[in-house]
Structure formats: structure tokens, C-alpha cells
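A structural walkthrough
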Amino acid sequence: MALIDIKVPNIGDFNDVEIIEILVKEGQYINKNDSIITLESDKSSVEVPSNHPGKVSKINVKVGDKVSEGDLILKIEASEKENVKTDNKEISTPKETHISPENIQEKSEIRSNIQTISSTNKLVLASPKVRKFARELGADVSKISGSEKFGRVTEEDVKSFIKLGINQKQSSNNNEENHKPQTKKEFEHTDFGEIDVKDIPRIKKLAAPHLVNSFNIIPHVTHHDEIDITEMEEFRNSLTDHYTGEKLKITPLAFIMKALVAALKEFPSFNSSIEDMSSGKITFKKYFHIGIAVDTPNGLMVPKIRQVDKKNIQNLSAELREVAKKCRDLKIDKKEFYGGSMTISSLGGIGGSFFTPIINYPEVAILGVSKSSKKQILLGDRFETRTILPISLSYDHRIIDGAEAARFCNVIRDNLGKNFAFKLAI
Ligand code: CAO
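This text gives an overview of the structure that appears in the document. (Residues numbered from 1 in each chain as written. Predicted model: local features only at pLDDT ≥ 70, side-chain atom pairs only at ≥ 80, totals over all residues. Heavy atoms only, no water.)

1. A word on the environment of Asp65
- Checked against the element boundaries, Asp65 lands in the loop between strand E6 (54–59) and strand E7 (66–67).
- Distance from Asp65 to Val17, taken between C-alpha atoms, is 8.0 Å for residues 48 residues apart in sequence.
- When near neighbours in sequence (up to four residues on either side) are disregarded, Asp65 contacts Val17, Glu18 and Ile19. (Helix = DSSP H or I, 4+ residues; strand = E, 2+ residues; numbered from the N terminus. Contact = heavy atoms within 4.5 Å.)

2. Describing the packing of aromatic side chains
- According to the stated counting rule, one finds five aromatic pairs in the structure shown.
- Both rings, one in Phe267 and one in Phe408, keep their centres 5.8 Å apart while their planes meet at 80°; by these two values the pair is edge-to-face. A residue pair is termed long-range when its members are at least 10 positions apart, and Phe267 in the loop between helix H6 (252–266) and strand E12 (272–273) and Phe408 in helix H8 (residues 402–416) qualify at 141 residues. Summarising the burial analysis for this pair, Phe267 and Phe408 share the class buried.
- Measuring from centroid to centroid gives 3.8 Å for Phe270 and Phe408, while their planes differ by 10°, and the two rings are stacked. Linking Phe270 in the loop between H6 and E12 with Phe408 in helix H8, this pair joins segments that are 138 residues apart in sequence. Across this residue pair, the class does not change: Phe270 and Phe408 are buried. (Phe/Tyr/Trp six-rings, centres within 6.5 Å; stacked < 30°, edge-to-face > 60°. Buried < 20%, exposed > 50% of the residue type's maximum accessible area, 1.4 Å probe, protein only.)

3. Comments concerning the sheet that holds strand E3 (residues 29–30)
- Spatially, the four strands line up as an open sheet ordered E1-E8-E6-E3, and their pairing is antiparallel. Two strands bound the open sheet, and with one partner strand each, they are strand E1 (3–7) and E3.
- As paired elements, E1 and strand E8 (residues 72–78) share five bridges and run antiparallel to each other. Within E8, the residue paired with Ile4 across the bridge is Ile76. (Pairing = 2+ DSSP bridges.)

Shown next as C-alpha cells:
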């Protein structure tokens, strides 16, 4: 097969100009007029086309070489047919085709698709001016997604790409900075008095990475609210054992669990999980297993109370006591810490008004409950003493919006409030 030399043609003022890009590879089929190299002078850049179709046999130049008219660029094995390479397929087209406006358009689109092939063999559509602009900013044009037809890269695409790179770098620098252990000690504690150094309890060590992970990954927002639980408390305090007449030991938490499940049923996004945002998938759970944060001498544990929707308040209360005891006695099975819908962290028996609980990843929300207290509330035109329960709902803002969180809390309030729904669930 005849080898044909493709040389630098007369391209006007260009003399001794630099090759800034080689647009073809050895072995590649090209058509007449396909661009094969880009030359750049002080004033402008230009793509040099091949004046013959065929298979590139040998490229005689490299990026950075300076060339003038008549210099050999490459050799091609002459072809009888026009060859069009799209992706990995080679399509042979007869040299003589009927030229209509449609196939001129189609042909020029196919041709422009093969005009620039980056080192990664990805097709890159960009004008020499845009490529020059990208190069000056240190951007690899083959890595930029073009916003124009067929992915053609524009100057704006280059700017956005650079901006994104800077932002990502800044955020990764910040992350690295934030996670660096503070090694340099500014002072010794002993300089200021007597100290005692102890081991961090095992459960705190185990929980630490989990908490850090959740806090770093999830954009937390905490919504605070107050619920009037006067009627609920009157009812709870009136509960006695049928046989002994003794007061039943049921804490507000059992009622809150039921109210939470009622809200989860109305708002399935709170009963969901996202393990990996990049997967674009969200898991909706159809069960209602509520995690309860239990304070133990060894640290915080979060066992699950399973199928809260199917249990009555008395049973839930008994199970809660039993599970909390198992945790404190270190007799709880590890599997009880997994597979929850949402968690409740109750400090109601201890004190405080509001707090900002950390979501128990991969869950997407946690309900913090604080200690109820009696308050004077203006009802109509007179003040009444009411029992008010403060709640704090932390939620994953990637999945849950603020308005949804407020509505979710309204449902909890309606279920614990005046006409609270669980009188019959005893
Ligand atoms: N408001 C007012 N009183 C409350 C209340 C509330 N919200 N919640 C509970 N109480 C009362 C109970 O009725 C009980 O009163 P009596 O002693 O008169 O019966 C008392 O406080 C103690 O309750 P409890 O804490 O033993 O029981 P519980 O069902 O409310 O909670 C448990 C069980 C396991 C959640 C709890 O013992 C516990 O460990 N809480 C700490 C959780 C924690 O550390 N969370 C923070 C984690 S960081 O996010």
C-alpha cells in the first residue's frame, strides 16, 4: 500500500511555529480535511488538516516541535475510501456520496467528533482558542464536560471547571486541616496542678468514630419545639394496675415512641437511610424499630426497640426497662444496635431544655427529648398552668427540608397533645 507524506501546508504567516497538540494517533483512520495537529503562534492557533484520507502509519512530530511549511507531519497508508472512526468502530463510507444539506451536516458532525482525540483517547470538541485558554489556566481540556452540542467545550466551561477545582481543593484542605490530630501541645496540664490520666472507656472509643463520621458527613439541622402534654401527663399519672391498684410505672418515653412512629408513617423520608450519596439511592424502611439512647456507666449505647407500631404502651415501657438494664449490665447483644428507623435520645429524666443530638448514621433523623416542666401559658384570654415538653429534632438536611421537619414535629405534637391518640394503646 502506498505511503503518502502529509506535510505542513502553506498556512499564511505561520513559520517556525510550535505544535501544541497532536490530534490523531498511529493506526487511526482519518479522512481528507480531518485536523491532525494544532499549531500555535504568538497571535493565534490553527488546526492543520490532512489533504488525504487513510490510516496514520507514522507520526513524525511531537508536541513542542517547531515546524514550517513543507515539514513532514506524518505518513499515511493511502485509502481508496473515506474512513470515519466513531468511538471504537470504523465505518467505511464510499468516497462519492450524494451531498444533501442533511448529510453535509451529519458528515461534518461526525468529522468534528474525531477532530480532537486527547491522550486518554477521549473525543474532545473545543476550538483552538478555548484549548489555548484552558492550557494557559493549566486545565486539561479532555477532563472538561462541554455544555454545547456534542459536548463542545466553551470558555465558560473552562472557567467553571477551574472554579470547581479550586472549591474542591479548598474544601479538601479544610477537611484535612480539621481532621488533623492536634499534635503540637501549647502547654502541659501538669503546669497548672495535679492531674490524673485514665483510659478512655472501650464503648466511648468504639462510638467515637461513628459519631465523628455522622457529624462530618451529615449536614445537621436541629428543629426545636414545645409540646403541651398536660392531658397526656394526667392520663399517664392516673394509670393503675387493675389487680393491685398500684400506680403503673410508665414514663413519658413510651408515649413519645408511639407518637414518633405515627409521624414516621406520615413522613417516610424520616424512616430512610442514605449510605452513599454518590449512588443516588435512598432506602425507605417499612418497619418501625426505634433506637433508644441509653446512658450507661460505660458510655452511651443505642439498642433498638423492635416493631414499636405493633406493641402497646405498657409492653413498650417494660421492654424499655429491660433493654436499658441489659445495656447497663453489658448483656446486650451487638445485633440489637443495628437496623433502626430513627432514634430517641431522652434526657427527660435528667434535665435541660433543648439540645442538639447527633444523628445515628445511617439514619436521617434523631429526636431529642428534654425534661418537661410546668409553665404559665396564655390560653385564650387567661393564663393556665400547663405541662410543656421540649423536643429537639436533628435531621439530615440533604434529605429532609426544614418545612418537612416542622410538619413532622406538628404530627408528634398532635399525637401527644390535648387529644393525644394513645389512650387506647395501653
Ligand atoms: N420530662 C419529665 N420527666 C421525665 C421525662 C420527661 N421528658 N422523661 C422521663 N421522666 C421522668 C420519668 O417519668 C421518671 O420519673 P419517676 O422517677 O418519677 O418515675 C424519671 O424521669 C426517670 O426516668 P428514666 O430516665 O429512668 O426513664 P425513661 O424511660 O425516661 O428513660 C432511658 C430511659 C434508658 C432512656 C434513660 O434512663 C436514659 O438512659 N437516658 C439518657 C439518654 C442519654 O444519655 N441521652 C443523651 C445522648 S446524647 O445524644
